[in-house]
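Commentary on secondary and tertiary structure
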Amino acid sequence: MRRSFIDRLLLPAILGLTTVSAALVLWQRLLTEQRANIQAATKAQTFFVKNKIESELNARILLLNRLAGRWQARVLSGDEDNESDAALLISGYGGCQAIEWVDPTFHVRWVASEGWNEADVGTDLGADARWRVPLQRAEDSGRVMITRPVDLQGGGRGLLVFLPVFAENKLVGTLLGVFRYQELFYSILQDVGQNYWVAVYDGDEEIYGRSGSDPRRAEAWAQETDIEFRDLTWRAHVWPRPETLANARSSLPNATFLGGILMAGLLAFAVYMGETAHLHAEVLKREIAGRVQAEEALRQVQKMEAVGRLAGGVAHDFNNLLMVIRGHAALSLSCSGPDNPLRQELNEILKAATKASSLTRQLLAFSRKQVLQSRVLDLNSLVTQTAELLPPALGEDIHLFLDLDSNLGRVKADVAQIEQVIMNLVFNARDATPDGGKLTIQTANRHLDENWARRYPEIRPGPYVMLAVHDRGHGMDEETQLHIFEPFFTTKERNTGTGLGLATVYGTVIQSGGCVCVLSKLGEGTTIQVYLPRVEETIEVAEKPKELSRSLQGNETILVVEDDDAVRRMTRMFLEINGYTVVDARNAADAIQLMERHKGPIEMVLTDVVMPGMKGRELVERLLQLRAGLKVLYMSAYTEDAAINSGILGLGSAFIEKPFNADELTCKVRKVLGTSIAV
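Not measured: the values here are computed from a predicted model.

Some remarks on the overall build of the protein chain
On a plain count of helices and strands, the protein chain comes out with 19 helices and 22 strands. Burial statistics for the protein chain: of 679 residues in total, 43% are counted as buried. Look at the contacts in the protein chain between residues 6 or more apart in sequence, and 69% of them connect residues 24 or more apart. Carbon and sulfur atoms provide 53% of the accessible area of the protein chain, an area that totals close to 35,800 Å².

Laid out in structure tokens, this is it:
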């Protein structure tokens, strides 16, 4: 049994973590129960405070109502000696600072108070809107009016109660009660919840506080409730005092957790020492096997690299030829009438050129010279979307199953290319199961270690996301597995496959920073695993493309820089037939000289990415120094990884891939001319 350092740690870690987890669960349950008891007690105290305040406030208003009723009776009988009743109410209930009598003209006639409000006698309250408005509302409505917090004479904040008194349906005066918040709530709550802090708020203003700390510091324990008083709504906070919390808490949870950690450490150490005894006999065997495996992997990578360079070079040059063939055929077709006997032949030329273009695109993918529009994506969503399109292509005999990791990490790749990877793998698995069966697409998080890096020199150890396609078909022998990623290699019958499906998968995955692993046995099926680097960035949402003008025509002047004469002439023709003025140059030096000599406007430069002498990016920087605000569009049969990574082609730059036709080019040109510059 192979044992590595991780193998030695695995069983001790499992035992230790199991013990710690059990202790943690028990500790958490004890803490939860303790917290629930404290919160339940605090909640009960909060409702008691609410009920106490509401009942006491209503009782004080009721006393004022009774006092107003007695005064109404005295007014009708001619006896207006009411000050003794008011003084008795003030002395009997805390928080009432004063009771004032206001006549119908809003003048204060007398005051019964603790000594702060005698100066109010004779004051015209109607002269101040703060007093006049509630007095008028009380008179108009005939019911009690209560104000929001006001500054009181003698200091402090409080509320005013206006109680109109009528005799024979005629207002004879208004009873004004003045209550200071601090004394009012103290008198109500002095015997309530002595083990708890209490604070009462009107909006954001604290109108009463009985606390030794900020309630926000005890947010985990604080309970909150609304106090309804007539038209007012206050908010009460209640939380336990520190000594109350200390008495309610127990040391049992912490002791349980510490004991569990100690036991976990002892168990893990004992098992680790036992596993270490089996390690040394396996070290030499693993090193020899790893070296042989690494040498074989390196030979395979070198072989694939050589084939890739050859395929990429052929595809690049062939793309330039295809562009000229397609362009001339399209122009000839547009100039021929509907009865021209050559139209059918021209259409066949275009169809063949399109197929050849698709073939070269696959070669570019294998040789890692395709242009990838990478963004952060959710591989599960992409697999799900792609799987919806597969059943008709798989047929009724093949049953597709998805095994997707719900906690799958994110990857950064080209959406279209990864979708093509999934479809190529699925179609390859379909062809390997002609009698039907189960086909599974799986995703999972994986961490590739140094052993993987030795087997696949193109990757680095670290976190990866795995995409696997598994079939139960006829499988492959070891010799076939050595060649399946080579272009044009196929085990299918002649004329039934191009041999580029898995080659395209290989190129796309390697260019995206990952690797491909094949597990197969004859008669037992095949599993192909794709590993892509996991990233921690957030998922990028593709921007909705802006709607282009229906017309592709233009009248701007465009500088075309292309070292291939035939491609340059064809590009010029594409632009001129759509109304653009074109000036061209075969290299960077000619383009710079032309820009210096040209007196008229030049709105955009269309340049090849890779040219002899000076790259496209460097040329654009020189041209922008001569003419600011110049729009830029790059073109190429392919863009090498090194070109993008070294800055020859900047991220976000406008790009069109060869071969392209007139509509594709003018559509891209029209889009670039309507956007801001991006070098």
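Anyway, onward from the coordinates.
Section: the packing of aromatic side chains
Taken as a whole and assessed by the stated rule, the structure comprises six aromatic pairs. Taken together, the ring pairs in this structure connect Tyr-181, Phe-185, Tyr-208, Phe-229 and Trp-234 into an aromatic cluster. Directly above the aromatic system of Trp-197 lies the positively charged group of Arg-241, at a separation of 3.9 Å from the ring centroid.

Thoughts on the nonpolar core
The biggest cluster of nonpolar side chains holds 38 residues, and the ones touching the most others in it are Ile-53, Leu-175 and Trp-234. By residue number, the principal contributor to this core is helix H1 (residues 5-77), which donates eight residues. With sequence-adjacent residues up to four places away left out, Ile-53 is seen in contact with Phe-185, Ile-188, Leu-189, Val-200 and Ile-227.

What about the sheet that holds strand S8 (residues 205-210)?
Ordered in space as S8-S7-S10-S9, the four strands form an open sheet in which the pairing is antiparallel. Looking at the sheet topology across the chains shown, the edges are occupied by S8 and strand S9 (223-229). The mean angle between the axes of side-by-side strands here comes to 25 degrees, regardless of whether they run parallel or antiparallel. Here strand S7 (residues 196-202) pairs with strand S10 (residues 232-240) via six bridges, running antiparallel. Considered in S10, the bridge of Tyr-196 is made with Pro-240. Sheet strands in contact with helix H4 (residues 181-189) are S7, S8 and S10, and its direction is about 40 degrees off that of S8.

Here's the deal with the pattern of salt bridges
Pairs can form between side chains of opposite charge once their charged atoms are near each other. Within this structure, the stated rule accounts for 16 salt bridges. For Arg-235, the salt bridge is made with Glu-224, and the minimal N-O distance between the two is 3.6 Å. Of this pair, Arg-235 sits in strand S10 while Glu-224 is found in strand S9, placing the two residues 11 residues apart along the sequence. Glu-556 is the salt-bridge partner of Arg-670, the closest N and O atoms lying 2.9 Å from each other. Residue Arg-670 is found in helix H19 (residues 662-673), and its partner Glu-556 is found in the loop between strand S17 (525-535) and strand S18 (557-561); the two are separated by 114 residues along the sequence.

Overview of H4
Every α-helix carries 3.6 residues per turn, so stepping three or four residues along brings you back to the same face. Inspection of H4 places Tyr-181, Leu-184, Phe-185, Ile-188 and Leu-189 among the buried residues, and these make up the whole buried set. For H4, the angular spread of buried residues about the axis comes to 110 degrees, placing them on one side.

Examining the pairing of S17
For a regular strand, side-chain orientation follows a simple rule: the groups alternate between the two sheet faces. Among the 11 residues in S17, nine count as buried, and that is most of the element. Across two bridges, strand S13 (residues 410-414) lies against S17 in antiparallel orientation. Residue pairing for S17: Arg-410 is matched across the bridge by Val-535. The pairing of strand S15 (residues 462-471) with S17 spans eight bridges and is classified as antiparallel. Bridge pairing in S17 places Ala-468 opposite Gln-529. Summarising the sheet, strand S16 (residues 515-521) and S17 pair through seven bridges and their orientation is antiparallel. Bridging across to S17, Cys-515 finds its partner in Tyr-531. Linking S16 back to S17 in an antiparallel pair, the connection comprises three residues, with Gly-523 at a positive phi of about 80 degrees.

What to know about a nonpolar patch on the surface
Nonpolar side chains collect at one region of the surface, where Leu-15, Met-263 and Leu-267 lie side by side and expose about 260 Å² of accessible area between them. Examined against the element boundaries, Leu-15 turns out to sit in helix H1.

Some details on the pairing of S10
Of all the nine residues making up S10, seven are buried; the element is thus mostly covered by neighbouring parts of the structure. As judged from the seven bridges shared by S9 and S10, these two strands associate in the antiparallel manner. Directly across from Ile-227, in S10, lies its bridge partner Trp-234. Hairpin remark: S9 followed by S10, antiparallel, with two residues in the connecting loop; positive phi at Arg-230, about 55 degrees.

Focus on the sheet that holds strand S22 (residues 655-657)
Read across the open sheet, the five strands follow the order S19-S18-S20-S21-S22; overall the sheet is parallel. The open sheet terminates on both sides in strands that have one partner only, identified here as strand S19 (581-585) and S22. Neighbour-to-neighbour, the strand axes of this sheet turn through a mean angle of 20 degrees, independent of strand direction. Along the sheet, helix H15 (residues 565-576) contacts S18, S19 and strand S20 (604-608); its crossing angle with S19, the most-contacted strand, is approximately 165 degrees. Relative to S18, helix H16 (residues 588-597) is tilted by about 155 degrees, and along the sheet it contacts S18 and S19.

Some words on the packing of H15 against H19
Following both chains from N to C, one finds H15 and H19 inclined at 70 degrees, their axes separated by 9 Å at the closest point. As the angle between them shows, H15 and H19 are arranged roughly perpendicular. Viewed along their axes, H15 and H19 form a crossing whose handedness is right-handed. Along its contact with H15, which presents Thr-571, Phe-574 and Leu-575, the element H19 presents Ala-662, Leu-665, Thr-666 and Val-669.

Description of unusual backbone geometry
Where the residue is not glycine, phi is negative for most of them; where a peptide bond is considered, it is trans in most cases. Residues other than glycine seldom take positive phi values, yet Phe-106 does so here, at roughly 70 degrees. With respect to the helices and strands, Phe-106 occurs in the loop between strand S1 (96-102) and strand S2 (108-113). For Phe-106, a relative accessible area of 9% corresponds to the buried category.

Quick notes on the packing of H16 against helix H17 (residues 616-626)
Running from amino to carboxyl end, H16 crosses H17 at an angle of 10 degrees, the nearest separation of the two axes being 10 Å. The pairing of H16 with H17 is recorded here as roughly parallel in orientation. Residues Ala-588, Ala-591, Ile-592, Met-595 and Glu-596 of H16 touch H17, and the partners they reach there are Leu-619, Arg-622, Leu-623 and Leu-626. When grouped by side-chain class, the residues that make up the contact of H16 with H17 number seven nonpolar, no polar and two charged.

What about H19?
For H19, built from 12 residues, the straight-helix expectation of 16 Å at 1.5 Å per residue is met to within 8% by its first-to-last C-alpha distance of 16 Å. Of the surrounding secondary structure, the elements contacted by the buried residues of H19 are S18, H15, S20, strand S21 (631-636) and S22. Backbone nitrogen of Asp-663 and a side-chain oxygen of the N-cap are separated by 3.2 Å at the start of H19; the cap is Asn-661.

Comments concerning empty space enclosed by the protein
Throughout the structure, instances matching the rule amount to two cavities of 30 Å³ or more. Its boundaries defined by the atoms lining it, the largest cavity holds a volume of some 40 Å³. Lining the largest cavity, in full, are Leu-57, Arg-60, Ile-61, Leu-159, Phe-179, Leu-184 and Phe-229. Ranked by the residues each element gives to the lining of the largest cavity, the list is headed by H1, at three residues. Split into classes, the residues belonging to the lining of the largest cavity amount to six nonpolar, no polar and one charged.

Cut-offs used in this document
- Residues numbered from 1 in each chain as written.
- Predicted model: local features only at pLDDT ≥ 70, side-chain atom pairs only at ≥ 80, totals over all residues.
- Heavy atoms only, no water.
- Helix = DSSP H or I, 4+ residues; strand = E, 2+ residues; numbered from the N terminus.
- Buried < 20%, exposed > 50% of the residue type's maximum accessible area, 1.4 Å probe, protein only.
- Contact = heavy atoms within 4.5 Å.
- Areas by Shrake-Rupley, 256 points an atom, 1.4 Å probe, with all protein chains shown as cover.
- Phe/Tyr/Trp six-rings, centres within 6.5 Å; stacked < 30°, edge-to-face > 60°.
- Lys NZ or Arg CZ within 6 Å of the ring centre and 35° of its normal.
- Core = buried A, V, L, I, M, F, W, Y, C linked by side-chain atoms within 4.5 Å.
- Pairing = 2+ DSSP bridges.
- Axes fitted to C-alpha atoms, helices over the stretch in contact; angles between N-to-C directions.
- Salt bridge = Lys/Arg side-chain N within 4 Å of Asp/Glu carboxyl O.
- Arc of directions from axis to C-beta.
- Patch = residues over 30% accessible without salt bridge, like charges linked within 9 Å, V, L, I, M, F, W, Y side chains within 5 Å.
- Parallel < 35°, antiparallel > 145°, perpendicular 65-115°, else oblique.
- Left-handed = near helix turned anticlockwise from the far one by under 90°.
- Nonpolar A, V, L, I, M, F, W, Y, C, P; charged D, E, K, R; others polar.
- Expected span 1.5 Å × (residues − 1).
- Polar contact = N/O pair within 3.5 Å; in protein donor to acceptor, adjacent residues only side chain to side chain.
- 1 Å grid on protein atoms, 1.4 Å probe; cavity = no way out; pocket = protein on both sides within 12 Å on 5 of 7 lines; lining within 4 Å.
- Points joined across faces, edges and corners; volume = space filled by probe spheres on them.

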